Amino acid sequence: MDKQNDTMIKTIIDRYPKKDSAVMPVMQYLQKKNNNRLDDRAVETAAKAIGCSKGKIYGIATYYTMFNTQPVGKYHLQVDTCVPGFLQGADEILAHLEKKLGIKTGETTKDGMFTLSAVQDLGSCATGPVIQVNDRYFENMTVKKTDVLIDALKSGKEPENDPSMTVVSKCNILLNDRTKKDCRTLAFYKGNGGYQSLKKALSMKPDEIVAEVKEAGIRGRGGAGFPAGTKWTFLPKNDSRPVYLICNADEGEPGTFKDRQIMEFNPHLLVEGIAISSFALNAKKSFIYIRGEFDWIADILEAAIEEAKKDGQLNHVDIVVHRGGGSYVCGDETAQIESLEGKRGNPRVKPPFPANFGLYGCPTVVNNVETLSCVPYVIQNGAAAFQKIGVTNNFGPKIFGVSGHVNKPGIFEYPMGTPLKEILEAAGGVKGKMKGVIVGGLSVAILTAKEAEGLNMDYDSCNKAGTALGSGGIMVVNDTVSIPELALRTIEFYHHESCGQCVPCREGSLVIEHKLRDIVEGRGKMEDIDLILHLTKNIKGLTLCPTGEAFAVPIQAMVSKFRPEFEALVKK
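Residues numbered from 1 in each chain as written. Predicted model: local features only at pLDDT ≥ 70, side-chain atom pairs only at ≥ 80, totals over all residues. Heavy atoms only, no water.

Comments concerning the packing of aromatic side chains
The full count for this structure, using the stated rule, is 15 aromatic pairs. Arranged with centres 5.4 Å apart and planes meeting at 80°, the rings of Tyr-244 and Tyr-360 form a pair that is edge-to-face. Of this pair, Tyr-244 sits in strand S6 (residues 243-249) while Tyr-360 sits in the loop between helix H15 (333-340) and strand S9 (364-368); the two residues are 116 residues apart in sequence, bridging distant segments of the chain. Here Tyr-244 matches Tyr-360 in class, with each residue buried. These aromatic residues form a ring-pair network of at least three members: Tyr-16, Tyr-244, Phe-287 and Tyr-360. (Phe/Tyr/Trp six-rings, centres within 6.5 Å; stacked < 30°, edge-to-face > 60°. Helix = DSSP H or I, 4+ residues; strand = E, 2+ residues; numbered from the N terminus. Buried < 20%, exposed > 50% of the residue type's maximum accessible area, 1.4 Å probe, protein only.)

So, in structure tokens, the structure goes:
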């Protein structure tokens, strides 16, 4: 290691209570320094720095999709072809790039300038098609914009990104005025009352804060809807072990891009929420586990944390931003803990639960970005004020991301329980005739247009309608879309993201993908449809994390509700 690398690696390692937790950040640093490749020398350097075997480094590198153990071009072009991208024309962009560059997906141009890849979900659902070039996003892409991008890269330049989309806030709690250039700064945040909630919280007893959050009934915004305050009370009392708080910012559910909005444009709200929650839980060290693709957003968060530190807001807690390596499964809290400990992100057997045996074997709370960002409002205004927003048992603001076939895709902060119809109207209405809608991210059951009539967007109403609110990622599907093709794109994502630890998930997703591809490509049999339904009904509840159910539920709904479309392809 040269002196500069040695110093930087030591700085990275010193951020963590245990050295192994620094393994992925060290690998990420070395890959960036080495032309976006983790070669043998970089692997050896990482192993020596952490004090582990090269085999462990390779094991981690081959688990997470963002590590490149093979050479890639100067510019790695990654086109998101997952369901939101599919609905917005990503296939056309990928095909055009193949033609323009003279290569197939997965190949590198002869001059070593470009590598072209198709990737799964970049969290840019309303601004697709999206191309990630190394660590930068280029959104709202068209064929013409793609040509401009390639020509600019060839000349050594990068054009500006266009992340424009519709932004509507009826609550003005979670989303701020992003039109202001200084919206991310401490001065802007404090000028709008920021950190007054933390000041109030620090004058309270930790138990009082926990009680207020519990009374408010903040249901977890990550997808499960479990009450955050109740979760906090699961921590053991009078325990000598340190407590850790992890903010789950690994926003990997297709159709979901809500947390990104808070972190990118209102980062101090999240920092304040973590600071209050850490004080309430007696957590001296807290982590933001952010998906690795959001590299520039991680920089924004680190800048906000540094501002808050200098302003004296974080004297009671140290907040570390930890970048993931590209793994959907790491959205599961136990897989995320494993990853944060410097391992492959395989989910743990439960019990024991994280509240008692989490990070480093210590009491740990894992909460979503949006969940923690609701805490400052609750502390400043009280549980009663929070409960005035929304509907019974579903209180507070909720950010809904709307993508797919609408005229004005974007992000919408509305009270819980707002009619779906109202949100879609704010998104400019449906393009064409609605065939179906997925209301909570890709892992929930699709609703037909008729089933979606009169639906209110809250946990209980969605459950009653036979689906789930999930993350609030709404994907609208019009009648130009083949549901069998949509189902194939869905299972391609989940099979790609399965960690492989549980047989029902690993093998079930593989078989279902093969059968769906046979059906879509005209090789299917009628019994294939029945086999798919049989598998989806029997995978539920047989995996360590929710991934098995995450594909079983949507595939079962697509096949059951739109079976004639599948049968028509078989009959042909």
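Notes on the sheet that holds strand S16 (residues 447-448)
On the basis of which strands lie adjacent, the open sheet formed by six strands has the order S5-S13-S12-S18-S15-S16 and mixed pairing. Across the chains shown, the open sheet's two edge strands, defined by having one partner strand only, are strand S5 (166-169) and S16. Relative to strand S18 (residues 473-478), strand S15 (residues 434-438) runs antiparallel, the two sharing four bridges. Residue Met-434 lies in a different strand from S18, and its bridge partner there is Asn-478. (Pairing = 2+ DSSP bridges.)

Focus: the side chain of Glu-485
Relative to the elements of secondary structure, Glu-485 occurs in helix H21 (residues 483-497). When neighbours within four sequence positions are excluded, Glu-485 is seen to be in contact with Phe-86 and Val-520. (Contact = heavy atoms within 4.5 Å.)

Things to note about unusual backbone geometry
At the junction of Gly-128 and Pro-129, the peptide bond is cis and its omega measures out at 0° in the coordinates. Checked against the element boundaries, Pro-129 lands in the loop between strand S2 (114-119) and strand S3 (131-133). Omega for the bond connecting Lys-350 with Pro-351 falls within 30 degrees of zero, at 0°, which places this linkage in the cis form. Mapping Pro-351 onto the fold places it in the loop between H15 and S9. Unusually for a residue other than glycine, Asn-36 sits at a positive phi of about 65°. Take Asn-36: it is sitting in the loop between helix H2 (23-33) and helix H3 (40-50).

Focus: the pairing of strand S7 (residues 283-290)
For S7, a buried count of seven out of eight residues is recorded, marking the element as mostly surrounded by other parts of the structure. Pairing geometry for S7 and strand S8 (residues 318-323), over six bridges, is parallel. Across the sheet, residue Ile-288 finds its bridge partner in S8, namely Val-321.

Digging into the environment of Pro-159
Along the chain, Pro-159 turns up in the loop between helix H7 (143-154) and S5. Spatially, the C-alpha atoms of Pro-159 and Leu-149 are 6.4 Å apart, while their sequence positions differ by 10 residues. Those residues in contact with Pro-159 that sit more than four places away from it in its chain are Arg-136, Phe-138, Leu-149 and Ala-152.

Points about the sheet that holds S8
Spatially, four strands are ordered S8-S7-S6-S9 in an open sheet, and the strand pairing comes out parallel. This sheet does not close on itself; its edge strands, each paired only once, are S8 and S9. The average undirected angle you get between the axes of adjacent strands in this sheet is 20°. Bridge count between S6 and S7: seven bridges; the pairing is parallel. Paired with Tyr-244 across the strands is Lys-285, a residue of S7. Each of S6, S7, S8 and S9 is contacted by helix H13 (residues 267-281), which is oriented at about 155° to S6, the strand it contacts most. (Axes fitted to C-alpha atoms, helices over the stretch in contact; angles between N-to-C directions.)

Quick word on the pattern of salt bridges
Evaluated as defined, the whole model comprises 40 salt bridges. In this structure, Asp-91 and Arg-489 form a salt bridge, with 2.4 Å as the shortest nitrogen-oxygen distance. Note that Asp-91 is positioned in helix H6 (residues 90-101) and Arg-489 in helix H21, a separation of 398 residues in sequence. Judged by its relative accessible area of 12%, Arg-489 falls in the buried class. Here the salt bridges share partners, and the residues they tie into one network are Lys-32, Asp-135, Asp-295, Asp-299, Glu-302 and Arg-323. (Salt bridge = Lys/Arg side-chain N within 4 Å of Asp/Glu carboxyl O.)

As far as function goes, none of this settles anything; it's purely spatial.
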